[in-house]
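What the coordinates show
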Amino acid sequence: MEDPISSHANDSNLPKFAYNGGSEYPRLDIPGPDYNQLNHKDGKISSSTTSNGGSGNIRSSTRNSTNSNASSSVGMTRSPSFNSTQLLAQRKLYAESQIGRSSFQKLLEPKLPQLPGIAPYRVVLGNVKDKLLRTRRRLELLLEDGLCENDPFDYYETTDQLLEPLLLCYESLQSSGSGALADGRLADLIRRVATFGMMLMKIDLRQESGRHAETLDAITRYLDMGTYSEWDEEKKLDFLSRELKGKRPLVPLSIEVAPDVKEVLDTFRIAAELGSDSLGAYASDVLAVELLQKDARLAVSGELGRPCPGRTLRVVPLFETVKDLRGAGSVIRKLLSIDWYRQHVMVGYSDSGKDAGRFTAGWELYKAQEDVVAACNEYGIKVTLFHGRGGSIGRGGGPTYMAIQSQPPGSVMGTLRSTEQGEMVQAKFGLPQTAIRQLEIYTTAVLLATLRPPQPPREEKWRNLMEDISKISCQSYRSVVYENPEFLSYFHEATPQSELGFLNIGSRPTRRKSSTGIGHLRAIPWIFAWTQTRFVLPAWLGVGAGKADSHIAKHYDEVLVPEKRQELGRQLRSELITTGKFVLVISGHEKLLQNNRSLRRLIESRLPLLNPLNMLQVEILKRLRCDDDNLKARDALLITINGIAAGMRNTG
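Computed from a predicted model, the values in this text were never measured in an experiment. Residue numbers restart at each chain and count upward from 1, following the sequence in its written direction. Local features are withheld for residues below a pLDDT of 70 in this predicted model, meaning they are given only at 70 or higher, and side-chain atom pairs are given and counted only at 80 or more; totals for whole chains, interfaces and linings count all residues. With hydrogens and water stripped out, all remaining heavy atoms of the structure feed into the side-chain values.

What follows is about the side chain of Arg 573. Secondary-structure assignment places Arg 573 in helix H23 (residues 563-587). Assessed through its relative accessible area of 10%, Arg 573 is described here as buried. Any pair of residues with heavy atoms lying within 4.5 Å of one another is described as a contacting pair. For Arg 573, the residues in contact, after removing those within four places along its chain, are Phe 535, Ser 550, Ala 553, Lys 554 and Asp 557. The helix count covers DSSP runs of H or I at least four residues long, the strand count covers runs of E at least two residues long, and both are numbered beginning at the N terminus. Partly exposed residues are those whose accessible area sits between 20% and 50% of the maximum for their type, while under 20% is buried and over 50% is exposed, using a 1.4 Å probe and protein chains only.

This paragraph deals with the nonpolar core. Counting residues in hydrophobic clusters, the biggest one holds 49 residues, and the most contacted among them are Leu 216, Ile 332 and Val 372. For this core, the element with the most residues is helix H10 (residues 287-304), which contributes 7 residues. Residues contacting Leu 216, with those up to four places away along its chain left out, are Tyr 228, Leu 240, Ala 288, Leu 291 and Leu 292. Counting 42 residues, the second-largest nonpolar core is a separate cluster that includes Val 480, Ile 518, Trp 530 and Ile 644. In this description, a nonpolar core means a group of buried Ala, Val, Leu, Ile, Met, Phe, Trp, Tyr and Cys residues linked to one another through side-chain atoms lying within 4.5 Å.

Take the pattern of salt bridges next. Salt bridges are defined as contacts in which a side-chain nitrogen from Lys or Arg sits within 4 Å of a carboxyl oxygen from Asp or Glu. Tallying each qualifying case throughout the model produces 26 salt bridges. The shortest N-O distance in the salt bridge between Arg 137 and Glu 140 comes to 3.3 Å. With Arg 137 and Glu 140 both in helix H4 (residues 120-143), this residue pair falls 3 residues apart, about one helical turn. A salt bridge links Lys 367 to Glu 467, with the shortest nitrogen-to-oxygen separation between them at 2.6 Å. Of this pair, Lys 367 sits in helix H14 (residues 358-378) while Glu 467 sits in helix H18 (residues 460-481), placing them 100 residues apart in sequence. Residue classification places Lys 367 among the partly exposed positions, given a relative accessible area of 21%.

What follows deals with unusual backbone geometry. The backbone phi angle of Asp 224 is positive, close to 55°, even though this residue is not glycine. Here Asp 224 lies in the loop between helix H7 (209-222) and helix H8 (233-245). With phi around 45°, Val 536 is a residue other than glycine that occupies positive phi space. Its location among the elements puts Val 536 in the loop between helix H20 (523-532) and helix H21 (537-540).

Within the span of helix H12 (residues 328-336), buried status applies to Ala 328, Gly 329, Ile 332, Leu 335 and Leu 336. Around the axis of H12, the buried residues are gathered within 125° of arc, so they sit on the same side. The arc in question is the one spanned by the directions pointing from the helix axis to the C-beta atoms.

Only Phe, Tyr and Trp rings are paired, with Trp represented by its six-membered ring, and only when their centres lie within 6.5 Å; those with planes under 30 degrees apart are stacked, over 60 edge-to-face, the remainder tilted. By the definition in use, this model includes 13 aromatic pairs. Taking 5.7 Å as the distance between ring centres and 65° as the angle between the ring planes, the aromatic pair formed by Tyr 228 and Trp 231 counts as edge-to-face. Judged on exposure class, the residue Tyr 228 and its partner Trp 231 are both buried. Three or more aromatic residues joined by ring pairs make a cluster, and in this case those are Phe 487, Tyr 490, Phe 491, Trp 526, Trp 530, Phe 535 and Trp 540. Remark: a charge is flagged as sitting over a ring if the NZ atom of Lys or the CZ atom of Arg is within 6 Å of the ring centre and within 35 degrees of the ring normal. Just above the ring of Tyr 228 sits the side chain of Lys 236; from NZ or CZ to the centre is 5.2 Å. Between the NZ or CZ atom of Arg 417 and the centre of the ring of Phe 386, over which it lies, the distance is 4.2 Å.

Okay, H18 next. Helix length check: H18 (22 residues) gives 32 Å between terminal C-alpha atoms against 32 Å at 1.5 Å per residue, within 8%. Restricting attention to buried positions, one finds in H18 the residues Arg 463, Ser 470, Ser 473, Cys 474, Tyr 477, Val 480 and Val 481. Considered in projection along H18, the buried side chains sweep an arc of 125° and stay on one side of the axis. Facing away from the buried side of H18, by more than 90 degrees, are the exposed residues Glu 460, Lys 461, Lys 471, Ile 472 and Gln 475. Structurally, H18 contributes buried residues whose contacts are with helix H13 (350-356), H14, helix H19 (487-494), H20 and H23. Expected span of a helix: the number of residues minus one, times 1.5 Å.

The two faces of strand S8 (residues 345-348) match: Val 345 and Val 347 on one face and Met 346 and Gly 348 on the other face are all buried. Think of it this way: DSSP has to see at least two bridges between two strands before they count as a pair. In the sheet, strand S7 (residues 314-319) pairs with S8 via 2 bridges, with the strands oriented parallel. Residue pairing across strands places Leu 318 opposite Met 346, the latter belonging to S8. Sheet analysis places S8 next to strand S9 (residues 385-388), joined by 4 bridges and oriented parallel. Each bridged residue has a counterpart across the sheet, and for Val 347 the counterpart in S9 is His 387.

Let us look at the packing of H19 against H23. To obtain each axis, a line is fitted to C-alpha atoms, and for helices this fit is confined to the stretch in contact; angles are then taken between N-to-C directions over 0 to 180 degrees. It is at 10 Å that the axes of H19 and H23 come closest, and there the two elements cross at 85°. Relative to H23, the element H19 is oriented roughly perpendicular. Contacts between H19 and H23 involve Phe 487, Ser 489, Tyr 490 and Glu 493 from the former and Arg 565, Leu 568, Gly 569 and Leu 572 from the latter. Among the residues making up the contact of H19 with H23, the classes are represented as 4 nonpolar, 2 polar and 2 charged. Each angle is binned into one of four classes, with values under 35 degrees roughly parallel, values over 145 roughly antiparallel, values of 65 to 115 roughly perpendicular, and all other values oblique. Lys, Arg, Asp and Glu make up the charged group, whereas Ala, Val, Leu, Ile, Met, Phe, Trp, Tyr, Cys and Pro make up the nonpolar group; the residues left over, Gly among them, are polar.

Everything listed here is a matter of geometry and, on its own, says nothing about what the molecule does.
Written as C-alpha cells, this is what we have:
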C-alpha cells in the first residue's frame, strides 16, 4: 500500500499537510452516498455524510455518546462555490458548536497532552499515517500466511474508517477560514481515497453454478434434508428463500465435506472476512450464492465477535450458454418477484460462442438482452447489463464503439459494464493518452446509445430470417465441434492446447471438470489454442472469415496429425476458403479487409516474424510429444507461444 502522506518538514515522522494549498483538481465535492456511514463501534464517535447527487445538499451529523444528554446536528447546505459568505458562516457555526469541538477533540486524545507544541492537524494526520503503516503491515502478514493478532482499532478495515478523520480535518479547516489548505493536497487525498478505497481495485468472483449445487447437496444431506439438486425448482426456491430470512447459520461447524465443497465454503469465508471494499460482484446463480455468503458472514461474525467488514457482495446472475440465454428473461422475472432483489445482469460471450458458434451466440445474446430489458421494464427496474467480453472475436471482442452501438434498444440506459481482459488492458489503457481515448469512446458510445438508441427491426420477417440463419449456423458449427467423433482428438493433435498448461498464466484452471470433452474446456484455452495455429476456428466456423491462415494450419496438420484424421483438417480449410468467398460477395469487396487497409498492413507486416515462430513451434511440439521430460524443448515451446501471442495480439 502506498503511503499517501509525505513530508517536507524537518521531522520526517510528521506528515505533510497541504503546505502550498495548491490542487491539480477542481474544488472538492465531499464523497457521496457510498461513503455516508462512518461509524466507530466503540461508542465514541458516529458521523454520517450524505450527498444528494448534483443538488449539492450536504448533511453532516456527529454524536459524542460519552454524554447521553448532549446530542445535536448541524445542517449545511452547500452552494456550488466553496467561497460563499453563507457557507463560511455555516462552517464557523459547525466549528463553534459543542458537537464540532467534541468530535475533533476526540481524534486528538490522548496525543495532544503528550505533544503540546504540535499543531492539532498534524496530530490527527500523524495518527492516520501510523494506522496506515500498521494496516499495510497487517496485509503483508496475511499475504505471507503469518499470524496477525492486531486489535481491530489499530488498523483500517474499510474506506469509511480512513475517510472519517480526513473529512473532519477538511471541515475543520474550511470552518476556520483555511479553505486554501483544505482544498489543496488534503482534498486531493480525499478524492483518491473515495475513488480507489483501501484496495485500489475490487476483484470479482466467478464460480460455476454446479459447484454451488454440490455444496448445498452436501449440506442438506448432512442435515438429513435430502439432496438439494434432486428437488424441483419450487422446492429449491422455497428452501433458499426460507433460509435467507432466517437468523441462524445453516452450515454446522462440525460438518466434514469433500475438498471441492470445502473450497467453495472457504471462498465464502474469505469473502466474508474481506468484505465488499475488497471484492466487487459474485457472478453466478443468485439465491444459492446469497444463502452461502449470508451463512459465511454469520459464522465469521460469530468468530470475530463483531460484524464483518463492508456489505455482502452483489450477486450478478450470469447467463453464458445458449440454453441460459434463452431462459434469461424468465429467470429475471422470477428474481424480480422477490422484493429485495435489485442487481446487475451479466451476459457471457465466451461460453455461448464455444457452445453454438459466433453467429448464433450473437443473435441469442441480442434476444436475451431484449427479454431481460422487457422483464425489468415490467417491474419498473432500471437494469445495468454486464458484458463479459474477451479480446478475441471468438469471445465477443471487436471495436468498442460499434459493439455498444449494436446493443438492443433500451439496453444501454446511461450505464454499461464490460470486462477488458488480458493483453487488451495493456493495449487500451497502458498509456495515459490511449486510456483517455478509450474512455472517450466508451462515454460517447454509451451517450449515443442512450439518447439515440438504434431502432428495432421494422419487419418481423427480418427476425425470422435471422432465426433461420442462426439455426443453420449453429447446426454447421456443432456438427463439427460436438458431433464429429474425430474432432476432439484432432483438436488436441493439431493445436498446442495440452501444452498451454505449462504457461501458468490463467486465473482459472483450463477445465471446469476433469472431463476431456469440449464442453468442460474453458473458453480462453479454446480460443488461445486455435490462435496459436492461426486457424482461429472459433471466429469463423459457421459465421465468417477471421484472421485465419490456412497454409500455416495445413503445416500443423501435416506434421502433428495422424493421416487418418488429416481429412478433417482438409475439410475445415476448404470451408474457411468458401466462407471467405461468401464474405467478399456479401461485402462487395475484392479482398478481405479492403475497407480497413491499416489493419491489413499491420497483419501483413507481422507475417515475416510470425511464420518462422509457427514453423519452430510445430517442430518443438513434434519433439516434445515424443519426449515429455525434455525441459529445454518445453522452455523453447513457451517462448514460441509468447511470441505468436504477441504477434497475433491475442491470448484468447
